[in-house]
Amino acid sequence: MIALGLILLIIGWLLGISILWTIGIILLVIGAVLWILGSVGHAVGGRRHYW
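For clarity, every value in this text was computed on a predicted model and none was experimentally measured.

Below, the discussion takes up helix 1 (residues 2-15). Given a rise of 1.5 Å per residue, 14 residues ought to cover 20 Å, and the 20 Å separating the end C-alpha atoms of helix 1 matches this to within 8%. Among the residues making up helix 1, those that are buried are G5, L8, L9 and G12. Down the axis of helix 1, the sector holding all buried residues measures 105 degrees, keeping them to one side. Exposed side chains of helix 1 directed beyond 90 degrees from the buried face belong to A3, L14 and L15. Buried residues belonging to helix 1 abut helix 2 (18-39). G16, located one to two residues past helix 1, shows a positive phi value of around 75 degrees.

Contact geometry of helix 1 with helix 2 gives a least axis separation of 7 Å together with a crossing angle of 160 degrees. Viewed along their axes, helix 1 and helix 2 adopt a mutual orientation that is roughly antiparallel. Of the two elements, helix 1 crosses helix 2, and the hand of that crossing is left-handed. In contact with I2, L4, G5, L6, L8, L9, I11, G12 and W13 of helix 1, helix 2 contributes L20, W21, I23, G24, I25, L27, L28, G31, A32 and W35.

How each quantity is defined
Residues numbered from 1 in each chain as written. Predicted model: local features only at pLDDT ≥ 70, side-chain atom pairs only at ≥ 80, totals over all residues. Heavy atoms only, no water. Helix = DSSP H or I, 4+ residues; strand = E, 2+ residues; numbered from the N terminus. Expected span 1.5 Å × (residues − 1). Buried < 20%, exposed > 50% of the residue type's maximum accessible area, 1.4 Å probe, protein only. Arc of directions from axis to C-beta. Contact = heavy atoms within 4.5 Å. Axes fitted to C-alpha atoms, helices over the stretch in contact; angles between N-to-C directions. Parallel < 35°, antiparallel > 145°, perpendicular 65-115°, else oblique. Left-handed = near helix turned anticlockwise from the far one by under 90°.

This is the structure in structure tokens:
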């Protein structure tokens, strides 16, 4: 999710498409939150580790 967010963020910035920029930021934030939750040991979506 973090990689997809980063790709959309870069494409949105290069092409000047603001909706891709916004979706990219949202996916980066969600991916980071899931990664942090998985790292500290909370079950995310029924899985013990996100990565």
